[in-house]
Amino acid sequence: MLFPTGIFALFFAVVFATHWLLVRAAPALVRPFLLVASLAFYGFWSIPFCAALLAIGLFAWAIGLKVRDDENWLILGVGGTLGWLAYFKYTGFLLREATPLAVSLGFPPLPAPEILLPVGISFYCFQAISYMVDVRRGDVAAERSPLNVLVYLTFFPHLAAGPIVRAAHFLPQVAALPDRWRVPLAMGGLLILGGLFKKMVLANEIATGIVDPVFRDPASYGPFDIALAAYGYTIQIWCDFSGYSDIAIGLAALLGYHFPKNFDQPFRALSLSEFWRRWHISLSTWLRDYLYKPLGGSRGTEGRTARNLMLTMVLGGIWHGAAWTFVAWGALHGAALVIERALGLRAVPSGWVGRILRWAITFHIVVAAFVLFRAPDLATVGTMAAGLVDVEMPSEAWTWRLLAFVALGLALHFLPADLRQRSEAVLAPLHPALLGLVFGALLLGILLAAPEGVAPFIYFQF
Amino acid sequence: MRQPWLHTADTPAPRGVPDDFSPHSATRSAGGVTLAVGIALVVMAAGRSPEILDAAYGLPVVAGTETVIAVAEVWDGAMQAIGVPMVVETVRGVLSAGRG
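Remember, predicted model here, so these are calculated numbers, not experimental data.

Asks: Mind showing me how you'd approach the overall build of chain B here?
Replies: For chain B, the count of helices and strands is four helices and zero strands. Taken from the N to the C terminus, the helices and strands of chain B come in the order α-α-α-α. By residue count, 35% of the 100 residues in chain B fall in the buried class. Residue pairs at least 24 apart in sequence account for 32% of intrachain contacts in chain B once pairs closer than 6 positions are excluded. Surface exposure of chain B reaches about 5,700 Å², of which carbon and sulfur atoms provide 68%.

As structure tokens, then:
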């Protein structure tokens, strides 16, 4: 079930009304209801995968009961969860990559099973690990009943593509009832509308207008088309993923639950390290706290810090999927972070020329890395790079509208950081009925401005 | 509780992570929010009445399908009568200008 569809609007309306009714009339049923609603949401994709999701939840809960006493349980829990994730995500890739070696050694070709990837598996596995590690560290108490852990893992706003909410952040909210007198309507509504605008209008149009055709067959396009596709994908993936995150945060808020922010105007960053403090914050902080710091972080020598950075970024790339393009994406970011650290470039330059230069360098490293991220294989990246300097090839795919959409996506990063809070202050005094009318009209406007059809969110494939 | 819009929040937000919400975020009662959500959905349904009718026609034939179709037809007829689809199409035409 996709957020920007009529069926989801109907689903959410029913869940929303029932949830608040239960908060008032039958508080004991709030958590069971949220679990059932979330499984119904996930069941739209696949009912067997609901069973898999529940199995991981029960596994994490059971490990949580033991993990405080003995670290070996944590090793089993994290290893088991990562093994589960690896089976679905990497089995096919590893067998395909190993086949040439097997054949050269005289073995028959290895089987290449088509394993269907459950939606959101990378996200709920990381959250399961978060629960077990947080319990081990003492950041959160082990849950005696599996219900709270299952609600934490399955809660439908973040189930399919995050944000990756920490157990220590969310479980206390599950344990307590939301306050039915304090629902953040204006901010929740603004987040949902903003997210829908970014996804439905900007991301969908940029994807169908220039990115998808160019990445499918870059040899047929001229340099300007290829450049616009590269910039366009950078804007598209931000609009798509931050749009999804904003909708998820807004939906959760309307149900009385809080998710932390996941994107903070990432393309205004003046360094790669700043970029990673603004981009997919829930993943980058997860990798920092559960991988980079346990590896030693920046506490050792410069060489060890560089190794830790490279490992973290390459593993972060592999988390996205089993392909060399993701490895290259992570390696490029890791190398850039190492170089930035070695050259002492993490500090913000004082003059405006220096700031613009640093912004341009950072932004173009990010754009180049996203070409690797989006390309189906490394050969496509080579074709695009060659096409960028092929001035003989005419550029006929771009339009002023697409150019304006890409520019608008970038310009949104340079609006005041507190614009949403200011808009909230304007809307907050309005009567709820008037607010509903305003939100309804804006929602309709977004649907009318969007291209026909709804493309799945990019991060659903991870 | 970790919701920043509740003044009773007893634990701070994750270290150094920016947030959309704060203790100053405006809040409403669940009843008021239900009213707003309901009206927003009615406005959306008004503008999408032809699509709703198409979706109703595409439903599998089970008990209640005829009622759903009848309601969708009445709703779409009412919207047609007051000219909503015409306005919607005009707005759509303006917003899609320049699309390749």
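Asks: I would appreciate a short explanation of the domain arrangement of chain B in the present structure.
Replies: Where the parts come together, the accessible area they lose is often given as the size of the interface. Residues and elements named next belong to chain B. What the domain assignment lists for chain B is domain 1 (1–14 + 23–46) and domain 2 (48–100). Each partner contributes residues to the interface: domain 1 has four residues there, and domain 2 has six residues. Both faces considered, domain 1 and domain 2 share a buried interface measuring about 370 Å² in area, 61% of it formed by carbon and sulfur atoms. When residues of domain 1 are sorted by the area they lose upon contact with domain 2, M44, A45 and A46 head the list and together hold 92% of the total. At the boundary of domain 1 and domain 2, one finds zero salt bridges. Linking domain 1 with domain 2 are five residue pairs in polar contact (both at pLDDT 80 or more), by the criterion used here. Considered class by class, the residues forming the side of domain 1 that touches domain 2 number four nonpolar, no polar and no charged.

Asks: What's the story with the nonpolar core in this structure? I'm lost.
Replies: Among soluble globular proteins, nonpolar side chains are generally buried collectively. Among the nonpolar cores identified, the biggest contains 162 residues, and F267 and Y459 of chain A are the most heavily contacted of them. Of the residues forming this core, the biggest block, 18 residues, is contributed by helix α10 (residues 223–254) of chain A. Residue contacts for Y459 of chain A: discarding those within four places in its chain leaves F123, A160, A161, I237, D240, F241, H280, W319, H320 and F373 of chain A. By size, the runner-up hydrophobic cluster in this structure holds six residues, among which are L448 of chain A together with A46, V84 and V88 of chain B.

Asks: Can you help me understand the interface of chain B and chain A in this one?
Replies: With 43 residues of chain B at the interface, the matching set in chain A holds 60 residues. Across the interface of chain B and chain A, roughly 4,400 Å² is buried in total on both sides, 66% from carbon and sulfur atoms. The tally of links between chain B and chain A comes to two salt bridges. Where D20 of chain B meets R420 of chain A, a salt bridge forms, and the shortest distance between an N and an O atom there is 2.5 Å. Those elements that provide at least two residues to the side of chain B that touches chain A are α1 (30–47) and α4 (84–95) of chain B. A breakdown of the residues in the side of chain B that touches chain A according to their chemical character gives 23 nonpolar, twelve polar and eight charged.

Asks: Help me understand the state of the cysteines in this model?
Replies: Think of a disulfide as a covalent bridge from one cysteine sulfur atom to another cysteine sulfur atom. Under the defined criterion, the tally for this structure stands at zero disulfides over all chains. C50 of chain A takes part in no disulfide bond, and the closest cysteine sulfur to it belongs to C125 of chain A, at a distance of 15 Å.

Asks: Can you walk me through the packing of helix α19 (residues 432–449) of chain A against α1 of chain B in this structure?
Replies: Two quantities define a packed helix pair, namely the angle between the axes and the distance from one axis to the other. Where α19 of chain A meets α1 of chain B, the axes come as close as 7 Å, and the angle between the chain directions of the two elements is 35°. When the axes of α19 of chain A and α1 of chain B are compared, the crossing they make is right-handed. Across the interface between the two elements, P432, A433, G436, L437, F439, G440, A441, L443, L444 and L447 of chain A of α19 of chain A pack against G32, L35, A36, I39, A40, V43, M44 and G47 of chain B of α1 of chain B. Class assignment for the residues of the contact of α19 of chain A with α1 of chain B results in 14 nonpolar, four polar and no charged.

Asks: Can you help me understand the environment of F326 of chain A in this one?
Replies: All names here are of chain A. As for its position among the elements, F326 is in helix α14 (residues 324–342). You can call F326 buried: its relative accessible area is 10%. Residues F326 and G316, ten residues apart in the sequence, show an inter-C-alpha distance of 8.6 Å. Discounting residues that sit within four places of it in the chain, F326 has contacts with G317, H320, G321, F373 and F462.

Asks: Any chance you could explain the domain arrangement of chain A here in plain terms?
Replies: Residues and elements named next belong to chain A. Assigned domains of chain A: these are domain 1 (45–175) and domain 2 (185–270 + 348–461). At the junction of the two partners, domain 1 supplies 18 residues and domain 2 supplies 16 residues. Counting the surface domain 1 buries against domain 2, the share from its top three residues, P157, A161 and P163, is 35%. Where domain 1 meets domain 2, there are zero salt bridges.

Asks: Can you walk me through a nonpolar patch on the surface in this structure?
Replies: A surface patch of nonpolar side chains, about 330 Å² in accessible area, is lined by I7, L10 and F44 of chain A. Structurally, the position occupied by I7 of chain A is in helix α1 (residues 6–25).

Reading guide: rules and limits
- Residues numbered from 1 in each chain as written.
- Chains lettered and ligands numbered in written order.
- Predicted model: local features only at pLDDT ≥ 70, side-chain atom pairs only at ≥ 80, totals over all residues.
- Heavy atoms only, no water.
- Helix = DSSP H or I, 4+ residues; strand = E, 2+ residues; numbered from the N terminus.
- Buried < 20%, exposed > 50% of the residue type's maximum accessible area, 1.4 Å probe, protein only.
- Contact = heavy atoms within 4.5 Å.
- Areas by Shrake-Rupley, 256 points an atom, 1.4 Å probe, with all protein chains shown as cover.
- Domains from an automatic or database assignment.
- Buried area = accessible area lost by both parts, 1.4 Å probe.
- Salt bridge = Lys/Arg side-chain N within 4 Å of Asp/Glu carboxyl O.
- Polar contact = N/O pair within 3.5 Å; in protein donor to acceptor, adjacent residues only side chain to side chain.
- Nonpolar A, V, L, I, M, F, W, Y, C, P; charged D, E, K, R; others polar.
- Core = buried A, V, L, I, M, F, W, Y, C linked by side-chain atoms within 4.5 Å.
- Disulfide = S-S within 2.5 Å.
- Axes fitted to C-alpha atoms, helices over the stretch in contact; angles between N-to-C directions.
- Left-handed = near helix turned anticlockwise from the far one by under 90°.
- Patch = residues over 30% accessible without salt bridge, like charges linked within 9 Å, V, L, I, M, F, W, Y side chains within 5 Å.

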